[in-house]
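Observations on the model geometry
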Amino acid sequence: MTTENSGSAAEGEDTEVNSELATGAAETKSEAVAADGPVAASDLPDAAEAAPYDLSPPQKVFVTAGLMLGTSLAALDLLIIVTALSDIASDLGKLSDAPWIFTSYLLGHTIAVMVWGKLGDQFGRGKAFTVAISGFIVASALAGASQSLTMLIAARLLQGLAGGGLVALSQAIIGDFVPARNRGGYLAAMTSTWTIASLLGPLLGGLLVESVGWRWIFYMNLPWGIVAIILVSPTRRFKPLERRPKIDYRGAALLMLGLGFTTVGAALIENSWQFMLPWLVVGLVVLAFFVASQFKVPEPVVPLSMFRHGVVRAASAGTFLFGVANFGSAILIPLYAQLVNGVSPTAAGYSLTPVPVGILCSATITGWLIKRTGWYRFYPAIGAALFAGGVLLLMTMDPSTSRLTAMSYAFIAGLGNGMIQPVVTIAIQDSVPYRHLGAGTALAFSMRSLGQTLGTVVIGVLLSARVSSELEDVELLGVDGQVITTDELEDKPELIDTLIEPVQEAVVNAYHIAIDNTFAFMVVASLMAAVVASFLPSKPLGSVVDEEANPSG
């Protein structure tokens, strides 16, 4: 199917594809419960080795490059802004409001992922991706032209809404033209975009701010976004199975409102529990109404039938728990390096470098192994346990620990991380019907994002409470006689250098204890993820492609 046909011919092709997929599902039902072990490609039915649509080798290269470019835009705009916050705040408003430039993007990203996944299923994932990246380009132009902090925050929210589609749809489109067993390598390549973004984002942001100004952080998205649209153009002919889509407007609104309230509530944790709780309560109530509504509509935003599959249940719960655990590493490792080891903020930021490198290495190796064997069951559990081991090693550090040793521990944690999200995405994609491919892919990212939101809240509370407890009887006296509050110290860790020497030592020790306790929480959460992930049913890729083929997983 290398060219697009029209009218009844196109419908005939789609019917033929669906018939082949259903036949493959029936043939492999018994294999879904086969004993765990490697299987050769020849042992799997033809449907397991096929993809619904075909592209020529050059088209695959161009489309993959376009998807990676689109994903990199979403990833970069999450990370590149960090180094520009102070410059933006000095131009447009107060520094105390600057974190909302970051938070608004995360908010939009979190609330839109599932909706984009469903829209891709209903209208075609290639078309939805084009709309998402077009929206991202427009929002980037508005962000660059912002004349007030309020306008910039609103533009960042729009960027996040579009960025959620770039992330979810790019991975789902891979499932349109790549067989399940071969997706590991493609998803590892997609993962590499996040690796590159985390390494280059802060550096690129700093260079742009110093050379041409912070507005070009957003303006540079315009030409790259247009290139991505051109590269992914072959995917716009991929047709959805639903000829007359029924849009669940109420469900989409309830989902976005519920996630919005809970995410904002999590972001307000620094204000007070009394200020945060109403947002969280309202968000949870709205989400309860959303879940109830999904039983009553023919085309729900989140098809609850997906959860009849054991793979979907275990993978979703496992990636949620790991999301609770893993986001803390991005906060705690640089904080430890800066406060305990005494390195500069820039050096502290690059102490995270081994984590994305480890993610890329393990994602690539795991993808190769899945392609060779067709089996994926144990990788998420091993990855979560390996991540826990890396964090345990980080807990053994003290001020005398060398930077090389600390980076090796972070690398181990990264290796564990890279064995989870790509594999979970493949597992869920392979276990839902093709017409729910976008919703299933979005579910994997949405559950991890929700876990990261919860984990960030818990980590912030644990860290702040323990530091305050350790410093309760310590007077934070500066060398100039000025008394510094713990709140000021949390906002500006560099103030530690202005304290008298005995107090400096007490503060560093307090942060050391607090960070170790928070690391312990991450270990517990990741081990829980490993236990849940170990319940992934044993089946080769390609053995469930129809909704009724194996509903129990």
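This is a predicted model, so every value here is computed, not measured. (Residues numbered from 1 in each chain as written. Predicted model: local features only at pLDDT ≥ 70, side-chain atom pairs only at ≥ 80, totals over all residues. Heavy atoms only, no water.)

**Side note on the overall build of the protein chain**
Counting its regular elements, the protein chain contains 20 helices and zero strands. Expressed as a percentage of its 553 residues, the buried residues of the protein chain come to 54%. Restricting to contacts in the protein chain with at least 6 residues of sequence separation, those with at least 24 account for 81%. A total accessible area of about 22,500 Å² is found for the protein chain, and carbon and sulfur atoms account for 66% of it. (Helix = DSSP H or I, 4+ residues; strand = E, 2+ residues; numbered from the N terminus. Buried < 20%, exposed > 50% of the residue type's maximum accessible area, 1.4 Å probe, protein only. Contact = heavy atoms within 4.5 Å. Areas by Shrake-Rupley, 256 points an atom, 1.4 Å probe, with all protein chains shown as cover.)

**Some thoughts on the packing of helix H12 (residues 310–339) against helix H18 (residues 437–470)**
Taken N-terminus to C-terminus, the directions of H12 and H18 make an angle of 45°; their axes are 7 Å apart at the nearest point. Our classification of the angle between H12 and H18 gives oblique. Along this stretch, H12 crosses H18, giving a crossing that reads as right-handed. (Axes fitted to C-alpha atoms, helices over the stretch in contact; angles between N-to-C directions. Parallel < 35°, antiparallel > 145°, perpendicular 65-115°, else oblique. Left-handed = near helix turned anticlockwise from the far one by under 90°.)

**Details of helix H10 (residues 249–267)**
For H10, which comprises 19 residues, the first-to-last C-alpha distance of 27 Å matches the rise-based estimate of 27 Å (1.5 Å per residue) to within 8%. Regarding H10, the residues found buried are Gly251, Ala252, Leu254, Leu255, Gly258, Leu259, Gly260, Thr262, Thr263, Val264, Gly265 and Ala266. (Expected span 1.5 Å × (residues − 1).)

**Comments concerning a nonpolar patch on the surface**
On the surface, a nonpolar cluster with roughly 440 Å² of combined accessible area is contributed by Ile196, Leu200, Leu203, Leu207 and Tyr350. Along the chain, Leu200 turns up in helix H7 (residues 183–211). For Leu200, a relative accessible area of 44% corresponds to the partly exposed category. (Patch = residues over 30% accessible without salt bridge, like charges linked within 9 Å, V, L, I, M, F, W, Y side chains within 5 Å. Salt bridge = Lys/Arg side-chain N within 4 Å of Asp/Glu carboxyl O.)

**Thoughts on the packing of aromatic side chains**
Tallying each qualifying case throughout the model produces five aromatic pairs. Summarising the aromatic geometry, the rings of Trp214 and Phe218 are spaced 6.3 Å apart at their centres and angled 85° between planes, so their arrangement reads as edge-to-face. Centre to centre, the rings of Phe261 and Trp279 are 5.3 Å apart; their planes meet at 40°, and the pair counts as tilted. In this pair, Phe261 sits in helix H10 while Trp279 sits in helix H11 (residues 273–293), placing the two residues 18 residues apart along the sequence. Exposure remark for Phe261: the relative accessible area of 26% places this residue in the partly exposed category. The ring of Tyr434 carries the charged tip of Arg125 above its face, separated from the ring centre by 5.1 Å. (Phe/Tyr/Trp six-rings, centres within 6.5 Å; stacked < 30°, edge-to-face > 60°. Lys NZ or Arg CZ within 6 Å of the ring centre and 35° of its normal.)

**Here we look at the side chain of Gln171**
You can see Gln171 is positioned in helix H6 (residues 149–177). Dropping the residues within four chain positions of it, Gln171 is found in contact with Leu187, Met190, Thr425, Gln429, Thr441 and Phe445.

**Considering the nonpolar core**
Ranked by internal contacts, the top residues of the largest apolar core, which has 117 residues, are Leu67, Phe129, Phe177, Leu255, Tyr376 and Val507. Apart from residues lying up to four places away in sequence, Phe129 is in contact with Gly66, Leu67, Gly70, Gly165, Leu166, Leu169, Ser170, Ile173 and Val232. (Core = buried A, V, L, I, M, F, W, Y, C linked by side-chain atoms within 4.5 Å.)

**Some points on the environment of Gly120**
With respect to the helices and strands, the residue Gly120 is situated in helix H4 (residues 99–123). Assessed through its relative accessible area of 1%, Gly120 is described here as buried. Once residues lying within four places of it in the same chain are set aside, the contact partners of Gly120 are Arg125, Ala128 and Leu169.

**A short note on the confidence of the model for the protein chain**
Across the protein chain, pLDDT averages 78, with 80% of residues at or above 70. Averaged pLDDT values over the elements of the protein chain bottom out at 39 in helix H1 (residues 7–27) and peak at 94 in helix H5 (residues 125–144). Across residues 1–49, confidence stays below pLDDT 50; counting only partners more than four residues off in sequence or on other chains, it has 78 contacts. (pLDDT = per-residue confidence, 0-100.)

**Observations concerning the pattern of salt bridges**
Per the stated rule, a full pass over the model turns up five salt bridges. With a shortest N-O distance of 2.5 Å, Arg125 and Asp121 are connected by a salt bridge. For Asp121, a relative accessible area of 6% corresponds to the buried category. Between Arg435 and Glu299 there is a salt bridge, with its nearest N and O atoms 3.6 Å apart.

**Remarks on the packing of H4 against H6**
Axis separation between H4 and H6 bottoms out at 6 Å; the angle between their running directions is 35°. Of the two possible hands of crossing, H4 and H6 adopt the one that is right-handed. Per-class residue counts for the contact of H4 with H6 are 18 nonpolar, nine polar and one charged. (Nonpolar A, V, L, I, M, F, W, Y, C, P; charged D, E, K, R; others polar.)

**Side note on the environment of Thr130**
Within the element layout of this structure, Thr130 appears in helix H5. Sequence-wise, Thr130 and Gly225 are 95 residues apart; in three dimensions their C-alpha atoms are separated by 9.6 Å. Residues within four places of Thr130 in sequence aside, it is in contact with Ile229 and Arg236. A polar contact of 3.0 Å, which involves the side chain of Thr130, links it to the backbone oxygen of Gly126. (Polar contact = N/O pair within 3.5 Å; in protein donor to acceptor, adjacent residues only side chain to side chain.)

**Overview of the environment of Ala266**
The topology assignment puts Ala266 in helix H10. Taking the relative accessible area as the measure of exposure, Ala266 reaches 10% and is therefore buried. Spatially, the C-alpha atoms of Ala266 and Trp279 are 8.4 Å apart, while their sequence positions differ by 13 residues.

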